[in-house]
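Below are the chains, spelled out letter by letter.
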Amino acid sequence: MPGEAVTLQLGHYSGCVGAHWWGLQAAALRSPDEHNELRAAALLRSGRGPGGTESPEPRLVALELKGGVGALRADGEGTEPPVSWDGAVADYREPQGERGPHRSRPGPEAERPVTGPGLFPQGDAAGDAKGNPGAAGPGSSPAGCQDTPNTRLWSDYLSVNLHPKSLYVIRQYLHDGDCGCLEGFGQGESLLQDPACVEELEDRLHFFVEECDYLQGFQVLCDLHNGFSGVGARVTELLRDEYGRKGILAWGLTPVLGAVGDPQKSFYRLMNTALGIAHLCRHSSLVCPLSLNGSLGLKPEPPVTFPYIKYNASLSYHSSAILAAALDTLTAPYRLCSSQASMLHLADSLTFSGRKVRMMRRSPSSCAVPGEHPRLCFVAQIQVVAAWAALPLPALAGSSLPDVLGAHQEVPWQLLSSCKGQKKLSCCFAQSAVLRGVCQEKGSRQRESPEQVLQHYLHTQFPGAFSTAHVLQQPCLTRAPFPQFFSPLLSARGFLQDRARGSASAAVGSVPVLAALQSCPAVLGLLSGLCRELRPRRWGGSCAAGLELDDIQEALEELRSLAQCYETGPAADGSEDEADSD
């Protein structure tokens, strides 16, 4: 069985993705009709819910800013206790029948309770009856949505309890507002230079680490677009220093970006993203940017569209749900009950390909000779991977796995890593693919196992690539509070049907998913694009944000060198280090 992992959520959008992800895992535990192929204890621990009942809790340390969790108590349960008040009190009560089964969190930052399945959109949530694709623009709602639950904060749709050690609110900065926000990479770095903050974080980490029977590593969900990219840099450095032999998988998250606004803010966002990726690569086993943006540049391209989903791109509640479903599938290899694979095995399978570049880095200031700028030579290798997902995987109910895959001449997935200009790709160096929710027909006499069928399909699509394949019968569960933004052409189990569902039909409770992590040339566009747009003449304001020009230059040099690992053709031959051929 796989070992346990500790998860860190750094930032508000990471909290949005995490809230959905924990909900997906809790839903799988509550489903008696599903064969659970994933070991829940890999990411969840046994806690105590209301009344002392046993309840799953994520093995989680979440860093959030003041005002970012609404009325959620610091111990992760219910709402904050009432404030003592000596004046007159008026009691306004809502009829109990109008509330859903999810916990409500009344307060100034959560004016409406989280609604249950009855008020989540159940009808034609995506496109027309023909299943036309789309991502609704800012300010719009999915078709058929009569009432949108209050989902401004991730605590509004968090469906599990948190341990008292999980939630760490940083009160030096505000979650929202015109000032006092954590906007820059340098600000985030400086937070983790405060001994009190580091001590608090280490205390929480040690609590969860020490209760693990076998710790396989850490999952770091980190906002890249704001100052939490600097927090992530310091956190991964701390993890590498203290747990150097454990896996560290970093997921760099960015919400869907709106129209271009203040150029200076857009530049800070770009700088945060570039520095965040560079520093995460220094200390992590594997780094994967996750976003539904078409690109992460100064002028973002339109968001990703899905054939059978129409989501509101301006709602983090929607975009984070898609990323959470992909994340739940991508992380399956080191959570399988039938496998001994770990995070490090997954990272090694994607970075083993030997494509390396020799590069230089400044030595630590403590070792530097006055008046000189010594450089350390080291070898960079593939460490950033791209994520792809078919959500849902287009499939007819009752179809065999070979028929489902054979119906697609190209893999029907979308890129979730904002690699500009890379919509479809037929080349990759290595990949880890997971297919779930397409059951093997009973009585089937196929000579190949489901994994072999998927392997053959991947080799056909990506000849020469090193591919690992996993097939799960268990689908991705999409019950409330997961948004109902699916096409009416999908059945309640997420399969294609001839006729559109009516508005009174049951919600889509699960969907089949095909997802993969790839080390592929698409990453070249992301890394080189960041370096190209961060022109030196714009760096002046970054010094005021706590960054030195030398640090920025060094990080961009690392990204440029790292980008060379993803080149193909004659350019790649010159970039590989012959000394590393063994």
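This text goes with the structure placed above it.
Just so you know, the residues in each chain are numbered from 1, in the order the chain's sequence is written. With pLDDT at 70 or above as the cut-off, local features in this predicted model cover only qualifying residues; side-chain atom pairs require 80 or more to be listed or tallied, and sums for whole chains, interfaces and linings still use all residues. To obtain the side-chain values, all non-hydrogen atoms of the structure were included, while hydrogens and water were left out.

Q: Can you help me understand empty space enclosed by the protein in this one?
A: Empty space among the atoms becomes apparent when a probe as large as a water molecule is rolled across them. Two kinds of site are reported from a 1 Å grid over the protein atoms alone, namely cavities, where a 1.4 Å probe fits but cannot get out, and pockets, open sets with protein on both sides within 12 Å along at least five of seven lines, and residues are called lining when an atom falls within 4 Å of a point. Grid points are joined across faces, edges and corners, and a volume is the space filled by probe spheres set on the points. Counted according to the given criterion, the structure contains three cavities of 30 Å³ or more. As for the largest cavity, its lining consists of 16 residues, and the residues nearest its centre are Gln25, Ala28, Leu38, Arg335 and Gln474. Every helix listed is a DSSP run of H or I at least four residues long, and every strand listed is a run of E at least two residues long, numbered separately from the N terminus. For the lining of the largest cavity, the secondary-structure elements that each account for two or more residues are helix H1 (12-29) and strand S17 (476-477). The greatest single-element share of the lining of the largest cavity, amounting to four residues, is contributed by H1. When residues are grouped by polarity, Ala, Val, Leu, Ile, Met, Phe, Trp, Tyr, Cys and Pro land in nonpolar, Asp, Glu, Lys and Arg in charged, and all others, Gly among them, in polar. Within the lining of the largest cavity, the residues separate by chemical class into nine nonpolar, three polar and four charged. Its boundaries defined by the atoms lining it, the second largest cavity holds a volume of some 90 Å³. Along the walls of the second largest cavity sit His20, Gly23, Leu24, Ala27, Arg30, Ser159, Leu477, Arg479, Ala480, Pro481 and Phe482, which together make up its complete lining.

Q: What's the story with the pattern of salt bridges in this structure? I'm lost.
A: Think of a salt bridge as a Lys or Arg side-chain nitrogen and an Asp or Glu carboxyl oxygen that are within 4 Å of each other. Overall, the coordinates contain twelve salt bridges when judged by the stated rule. Between Asp328 and Arg436 there is a salt bridge, and its shortest N-O distance comes to 3.0 Å. Placement of Asp328 in helix H6 (residues 316-330) and of Arg436 in strand S15 (residues 430-436) is noted, with a sequence separation of 108 residues between them. As far as the burial class goes, Asp328 and Arg436 line up, both buried. Among the charged side chains, a salt-bridge network with shared partners connects Arg45, Glu57, Arg59 and Glu211. A simple rule labels every residue: compare its accessible area, found with a 1.4 Å probe on the protein chains alone, to the largest value its type can have, and call it buried under 20%, exposed over 50%, or partly exposed in between.

Q: Before we go on, may I ask you to explain the environment of His318 in this structure?
A: Relative to the assigned elements, His318 resides in helix H6. Owing to a relative accessible area of 7%, His318 belongs among the buried residues under this scheme. Note: C-alpha distance between His318 and Val17 (301 residues apart in sequence) is 9.6 Å.

Q: So what exactly am I meant to see when it comes to the packing of helix H5 (residues 263-283) against helix H10 (residues 522-533) here?
A: Helix-helix packing is characterised by the crossing angle of the two axes and by the distance between the axes. Where H5 contacts H10, the two axes come as close as 10 Å, and the packing angle between them is 130 degrees. Considering their axes alone, H5 and H10 lie oblique with respect to each other. At the point where H5 passes H10, the crossing takes the left-handed sense. Contacts between H5 and H10 involve Leu270, Thr273, Ala274 and Ile277 from the first element and Leu527, Leu530 and Glu533 from the second. In terms of residue class, the contact of H5 with H10 is built from five nonpolar, one polar and one charged. Structural elements are reduced to axes, namely lines fitted to C-alpha atoms, with helices fitted over the stretch in contact, and the angle between N-to-C directions of any two is expressed from 0 to 180 degrees. Roughly parallel refers to an angle under 35 degrees, roughly antiparallel to one over 145, roughly perpendicular to one between 65 and 115, and oblique to any angle outside these ranges. Working rule for handedness: look at the near helix, and if it is turned counterclockwise from the far one by less than a right angle, call the crossing left-handed; if clockwise, right-handed. Two residues qualify as a contact provided that any one of their heavy atoms is within 4.5 Å of a heavy atom in the partner residue.

Q: Can you help me understand the nonpolar core in this one?
A: Among soluble globular proteins, nonpolar side chains are generally buried collectively. Working definition of a nonpolar core: buried Ala, Val, Leu, Ile, Met, Phe, Trp, Tyr and Cys residues. They are joined through side-chain atoms within 4.5 Å. With 68 residues, the main nonpolar core has Trp154, Trp251, Leu290, Leu416 and Leu517 as its most contacted residues. The biggest single contributor to this core is H6, with nine residues. With residues near it in sequence (within four places) discarded, Trp154 still touches His12, Gly15, Cys16, Ala19, Glu64, Gly68, Val69, Leu72, Leu162 and Leu167. With 62 residues, the next largest nonpolar core counts Leu275, Val287, Ala395 and Val523 among its residues.

Q: Would you explain the packing of helix H3 (residues 195-210) against helix H4 (residues 228-242) in this entry?
A: The interhelical angle for the contact between H3 and H4, taken along N-to-C directions, is 55 degrees, at an axis separation of 12 Å. As far as their axial angle goes, H4 and H3 are oblique. Of the two possible hands of crossing, H3 and H4 adopt the one that is right-handed. Residues Val198, Leu201, Glu202, Leu205 and His206 of H3 lie in contact with H4, whose contacting residues are Val235, Leu238, Leu239 and Glu242. Per-class residue counts for the contact of H3 with H4 are six nonpolar, one polar and two charged.

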